[in-house]
Amino acid sequence: MARDSRAKSAELLTVRQVLDELDGVSRRTFYRWRELRLAPVCIRLPNGELRVRRDVLDEWLEERAEGAAS
């Protein structure tokens, strides 16, 4: 079971998958956030495509939860 959780945390999400998780955020907004360094940290693959690690996205969302400790 620990192996499954490690595999899930290491899962690489496409930009489309991240946008689906963010439910309604446009691609343009996501790339604007990247310009402003507000988006989750991305990995750029050799072919130029971006990926976001599942654990990075989850942590990024947690940091933005209302009432989160500063």
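Conventions and cut-offs
- Residues numbered from 1 in each chain as written.
- Predicted model: local features only at pLDDT ≥ 70, side-chain atom pairs only at ≥ 80, totals over all residues.
- Heavy atoms only, no water.
- Pairing = 2+ DSSP bridges.
- Helix = DSSP H or I, 4+ residues; strand = E, 2+ residues; numbered from the N terminus.
- Salt bridge = Lys/Arg side-chain N within 4 Å of Asp/Glu carboxyl O.
- Buried < 20%, exposed > 50% of the residue type's maximum accessible area, 1.4 Å probe, protein only.

- The name given to the chain in an unreviewed UniProt entry is Excisionase, and the organism recorded there is Streptomyces djakartensis.

**Here we look at the sheet that holds strand 2 (residues 43-44)**
What holds strands together in a sheet is hydrogen bonding between their backbones, with the strands either parallel or antiparallel.
Argument step 1. Ordered in space as 1-3-2, the three strands form an open sheet in which the pairing is antiparallel. Looking at strand neighbours, the two that pair on one side only are strand 1 (12-14) and strand 2, the edges of this open sheet.
Argument step 2. As paired elements, strand 2 and strand 3 (residues 50-53) share two bridges and run antiparallel to each other. In the strand pairing of strand 3, Ile-43 is matched with Arg-51.

**What about the pattern of salt bridges?**
Argument step 1. Evaluated as defined, the whole model comprises eight salt bridges.
Argument step 2. Notably, a salt bridge pairs Arg-16 with Asp-20, separated by 3.4 Å at the nearest N-O pair. With a gap of four residues between them, Arg-16 and Asp-20 both fall in helix 2 (residues 15-21), about one helical turn apart.
Argument step 3. Given the relative accessible area of 42%, Arg-16 is considered partly exposed.
Argument step 4. In this structure Asp-20 comes out as partly exposed when scored by relative accessible area, which is 49%.

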